[in-house]
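An overview of the molecular structure
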Amino acid sequence: NDTDGTSLSYSYSGAENITVSISSGVVTLTPKTDFVGSNIIVFNATDGVNVVSSNEITLNVANVNDDVTISSYSPVSTSLVLKDDSIQLFTITKSDPDETEPSVQWYINDTAVADATGDSFEYNAANVGTYEIKVNVSDENVSVTQSWTVVVSDRPVTSTFDGSTTDFSELNES
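The notes below deal with the structure included here. All of these numbers come straight from a predicted model, not from anything done at the bench.

Topic: the sheet that holds strand E8 (residues 79-83)
Spatial strand order, E8-E14-E13-E10-E11: five strands in an open sheet with mixed pairing. In this open sheet, the two strands that pair with only one neighbour each are E8 and strand E11 (111-112). The sheet contact formed by strand E13 (residues 129-138) and strand E14 (residues 143-153) spans 10 bridges and is antiparallel. Its bridge partner being in E14, glutamate 132 is matched across the sheet by threonine 149.

See the structure below:
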């Protein structure tokens, strides 16, 4: 209320990239997504008869780092069984809303693979065992990872066994 008890209403001008909310004389300013820069805003108060304008207010919005992401990856299954001496291709799709190129590093059991810094990695399942294949994507502030557990077997591996065969007596181990 003003000095004679009349309710005040508020308005503003000049907020092209800022959402302004005024409630009970309290102003909330919210920059639009990905806006960086400054806006000059003028606030007005009126009791229906008189209008009072504030000084120009300059709102400076600084750039913030947006998180890098891995938006998709292949294989989709994160638990794989491979026949020894087979090859498996791993791929990712990464992005950084800041439009910078994130760095990529592939790992086998937490050891960086030399020259494996692209969006895909070809794994040679040369030795029997269990391995973690991991990719780390990072910008200057944030890192994200995707990992797969890979079991390499020297026994036959199939993804089409339906469980209906129960007589294995005719199989040999060679």
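So, next bit.
Observations concerning the nonpolar core
Core analysis: the largest hydrophobic core is formed by 21 residues, its most contacted members being Phe90, Trp106, Tyr123 and Val150. Elements that contribute at least two residues to this core include exactly E8, strand E9 (86-95), strand E10 (103-108), strand E12 (120-125), E13 and E14. Of all the elements, E13 adds the most residues to this core, at four residues. Counting residues in hydrophobic clusters, the runner-up holds seven residues, among them Ala15, Ile18, Phe35 and Ile41.

Thoughts on the pairing of strand E3 (residues 26-31)
Along a regular strand, successive side chains alternate from one face of the sheet to the other. Taken together, the six bridges between strand E2 (residues 18-23) and E3 define a ladder with antiparallel strand orientation. Of the residues in E3, the one forming a bridge with isoleucine 22 is valine 27. Adjacent in sequence and paired antiparallel, E2 and E3 are bridged by two residues, among which serine 24 carries a positive phi angle near 55°.

Definitions and limits used
- Residues numbered from 1 in each chain as written.
- Predicted model: local features only at pLDDT ≥ 70, side-chain atom pairs only at ≥ 80, totals over all residues.
- Heavy atoms only, no water.
- Pairing = 2+ DSSP bridges.
- Helix = DSSP H or I, 4+ residues; strand = E, 2+ residues; numbered from the N terminus.
- Core = buried A, V, L, I, M, F, W, Y, C linked by side-chain atoms within 4.5 Å.
- Buried < 20%, exposed > 50% of the residue type's maximum accessible area, 1.4 Å probe, protein only.

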